[in-house]
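# Observations on chain architecture
These are the residues of each chain, in order.
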Amino acid sequence: MSQRVYNFGAGPAMLPTEVMEEVQQEMLDYQGHGASIIEISHRAPPFLEILEETESIFRRLTGLGSSHVMFFMHGGAQMQFSAVPLNLMARKEKRSAVYLITGKWGVLAEEEARKFGSTRVALDGKPLGFQKIPEWEEVLDPETSYVHLTSNNTLYGTQWQEYPDTGKVPLVSDSTSDILSRKEDYSRFGLVYAGLQKNLGPSGLALVLVREDLLGLALPQTPKLLDYQLAHEQRSLANTTSVFSIYVTLKMLRWVEKQGGVAVMEQRNREKSKLLYDVLDDSELYKAVADPENRSICNVTFRLDDDEMEKRFLKQSLNEGLYALKGHRDVGGIRASIYNSMPLEGVKALADFMKDFERRET
Ligand SMILES: Cc1ncc(COP(=O)(O)O)c(C=O)c1O
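Residues numbered from 1 in each chain as written. Predicted model: local features only at pLDDT ≥ 70, side-chain atom pairs only at ≥ 80, totals over all residues.

### A few points about the nonpolar core
Note the cut-off: Remark: nonpolar core denotes a set of buried Ala, Val, Leu, Ile, Met, Phe, Trp, Tyr and Cys residues whose joining runs through C-beta atoms within 7 Å. Whether a residue is buried, exposed or partly exposed is read from the other C-beta atoms within 10 Å of its own C-beta, which are placed from the backbone; 20 or more gives buried, 12 or fewer gives exposed, and intermediate counts give partly exposed. Helix and strand definitions here come from DSSP, where helices need a minimum of 4 consecutive H or I residues and strands a minimum of 2 consecutive E residues; each element is numbered from the N-terminal end. The split of the chain into domains comes from an automatic or database domain assignment. Contact between residues is assigned whenever the C-beta positions, reconstructed from backbone atoms, fall within 7 Å.
The biggest cluster of nonpolar side chains holds 99 residues, and the ones touching the most others in it are Met73, Leu191 and Ala206. Looking at this core element by element, the count peaks at eight residues for helix α6 (residues 243-259). Mapped onto the domain boundaries, this core takes at least three residues apiece from domain 1 (18-259) and domain 2 (261-361). If near-sequence neighbours (up to four positions away) are discounted, Ala206 is found in contact with Phe72, Met73, Gly75, Gly76, Ala77, Met79, Gln80, Tyr193, Ala194, Gly195 and Leu196.

Listed below in structure tokens is the structure:
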């Protein structure tokens, strides 16, 4: 097999080689069925078993109880930017939602929600260049339909450390880039969604967790495939789902469980991110983007002195097998995405490279 790189891309992100090998081995013949899982009906027992096990492992890993239903929806995370207001705006007559904006994904989510009700941006990190998550505390109007936030800001490398208390108003989290990266009580949210492409599997679907009392509230114009009630009733199979994505997600969840669960993932992610933040904090060359209080354990972002230096950094790191370190086009600089599948060795290799590069270049 060709050499696999350490892939620091933000998503689709790397998956563990053992998961990829298992997928490869089963590609032509899934468990003696003489056909690939992508050639078997999504309503046939082999796939229904996959769906069921995926849900039960996710619940086991997170401790999520029966208060919340779980299903998959098409369209990745951004389709949820529409699905959330379509399903929750009508929770209250005023049809108004609060958005806490700490990065580009929050901006886009709020823009989409405006089409289906009124929105209020109660927290906006933009004046701080999204490098910091501002403090926010407010007595909310109980007639607010929901409050939306992005738990980890993939582009800027900031992450909520403690979520705000929204009382009886349901808190909605876009957890695309940190789901299963640290221990979380997902039942404290009214709704959680996450595109699969970081910690769960291939891109294209979103995992959605909804508190049961928030089902059945969809606006009349809600497209059938975005209706949470229907997705729950049809167990993610209102139409032909992406069987391959869910199949790989099951393998990822089994892998997380085999590693020791979410607590182990968190411990590793803290260790990995600390290695990089320590290099940044000791350096004259690198400048961390995120404020120390809001640093993400999933995406570590930094800048070098100038564009030329960043280009050299990217070119040389690539030669060392350290792939996709270029920051998001809106932010620039360097971003190391170190999700669950990134091994400690990969991060050590990057930290060593960073130290060598600084020695050579300064
Ligand atoms: C936090 C967050 N939300 C939303 C998205 C958009 O995901 P998708 O491309 O699946 O719509 C991303 C993508 O990286 C993300 O990191």
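Next, the rest of the story.
### A closer look at the sheet that holds strand β14 (residues 334-337)
Pairing between sheet strands relies on hydrogen bonds along the backbone, with the strands arranged either parallel or antiparallel. The condition is simple: When DSSP finds two or more bridges between a pair of strands, those strands are recorded as paired.
Read from one edge of the open sheet, three strands run β11-β12-β14, paired in antiparallel fashion. This sheet does not close on itself; its edge strands, each paired only once, are β11 (287-288) and β14. In this structure, β11 lies alongside strand β12 (residues 299-303), joined through two bridges in antiparallel fashion. In the strand pairing of β12, Lys287 is matched with Arg303.

### Some remarks on unusual backbone geometry
Backbone phi values are negative for most residues with the exception of glycine, while trans is the configuration of most peptide bonds. With an omega of 0°, the peptide bond between Gly11 and Pro12 qualifies as cis. The phi torsion at Gln31 lies on the positive side, around 45°, for a residue other than glycine. Counting through the fold element by element, Gln31 comes out in the loop between α1 (17-26) and α2 (45-62). Look at Arg95: it is not a glycine, yet its phi comes out positive at around 50°.

### Digging into the sheet that holds strand β5 (residues 146-150)
The criterion, for reference: Where helices are involved, their axes are fitted lines through C-alpha atoms of the stretch in contact, as for all axes, and angles between N-to-C directions lie from 0 to 180°.
Across the sheet, which stays open at both edges, the seven strands sit in the order β2-β10-β9-β8-β5-β3-β4 with mixed pairing between neighbours. A single partner strand is all that each edge strand has here, and the edge strands are β2 (68-74) and β4 (118-124). The mean inter-strand angle of the sheet, taken between neighbouring strand axes irrespective of direction, is 20°. Pairing between strand β3 (residues 96-101) and β5: three bridges, direction parallel. By the bridge assignment for β5, Tyr99 is matched with His148. Sheet strands touched by helix α4 (residues 104-113): β3, β4, β5 and β8 (171-174). Its angle to β3, the strand with the most contacts, is close to 165°.

### A look at the pairing of β3
Worth spelling out the cut-off: The path from the first strand over the helix to the second decides the hand: if it runs clockwise while the strands point away from the viewer, the crossover is right-handed.
Taken across its six residues, β3 has five buried, putting it largely inside the fold. Note that β3 and β4 share six bridges and pair parallel. Bridge pairing links Leu100 to Leu123 in β4. Once you follow β3 into α4 and on to β4, the crossover reads as right-handed.

### Overview of the site of the ligand
The cut-off we apply is this: Residues are classed as near a molecule or strand if the C-beta position derived from their backbone is within 6 Å of it. Charged means Asp, Glu, Lys or Arg here, nonpolar means Ala, Val, Leu, Ile, Met, Phe, Trp, Tyr, Cys or Pro, and polar covers whatever is left, Gly included.
Residues in contact with the ligand amount to 13 residues; listed here are only the nearest, Gly76, Ala77, Gln78, Thr154 and Gly195. Broken down by element, the residue count for the shell around the ligand peaks at three residues, all from helix α3 (residues 76-88). Split into classes, the residues belonging to the shell around the ligand amount to three nonpolar, nine polar and one charged.

### Some thoughts on the packing of α2 against α6
Counted only if it meets this: If an angle is under 35 degrees, it is roughly parallel; if it is over 145, roughly antiparallel; if it lies from 65 to 115, roughly perpendicular; otherwise it is oblique. Here a crossing is called left-handed whenever its near helix is offset anticlockwise from the far helix by less than a right angle, and right-handed whenever the offset is clockwise.
For the pair α2 and α6, interaxial distance at closest approach is 9 Å and the crossing angle is 40°. Considered as vectors, α2 and α6 are oriented oblique to each other. In this structure, the crossing between α2 and α6 has a hand that is left-handed. Contact residues: Phe47, Ile50, Leu51, Glu53, Thr54, Ile57, Phe58 and Leu61 in α2; Val243, Ile246, Tyr247, Thr249, Leu250, Leu253, Arg254, Val256 and Glu257 in α6.

### What about the environment of Ala336?
Along the chain, Ala336 turns up in strand β14. Sequence-wise, Ala336 and Gly157 are 179 residues apart; in three dimensions their C-alpha atoms are separated by 9.1 Å. Other than its neighbours up to four places away in sequence, Ala336 contacts Phe8, Leu276, Val300, Leu325 and Leu350.

### Here we look at the environment of Thr154
Within the element layout of this structure, Thr154 appears in the loop between β6 (152-153) and β7 (158-159). Sequence-wise, Thr154 and Pro134 are 20 residues apart; in three dimensions their C-alpha atoms are separated by 17 Å. With residues up to four places along the chain from it excluded, the contact list for Thr154 reads Ala10, Trp105, Ser177 and Asn299.

### Points about the packing of α1 against α6
Helix packing geometry: the angle between the two helix axes and the distance between the axes. Closest axis-to-axis distance for the α1/α6 pair is 10 Å, and the angle between their directions is 140°. Considering their axes alone, α1 and α6 lie oblique with respect to each other. The chirality of how α1 crosses α6 is right-handed. Contacts between α1 and α6 involve Val19, Glu22 and Val23 from the former and Val248, Lys251, Met252 and Trp255 from the latter. In terms of residue class, the contact of α1 with α6 is made up of five nonpolar, no polar and two charged.

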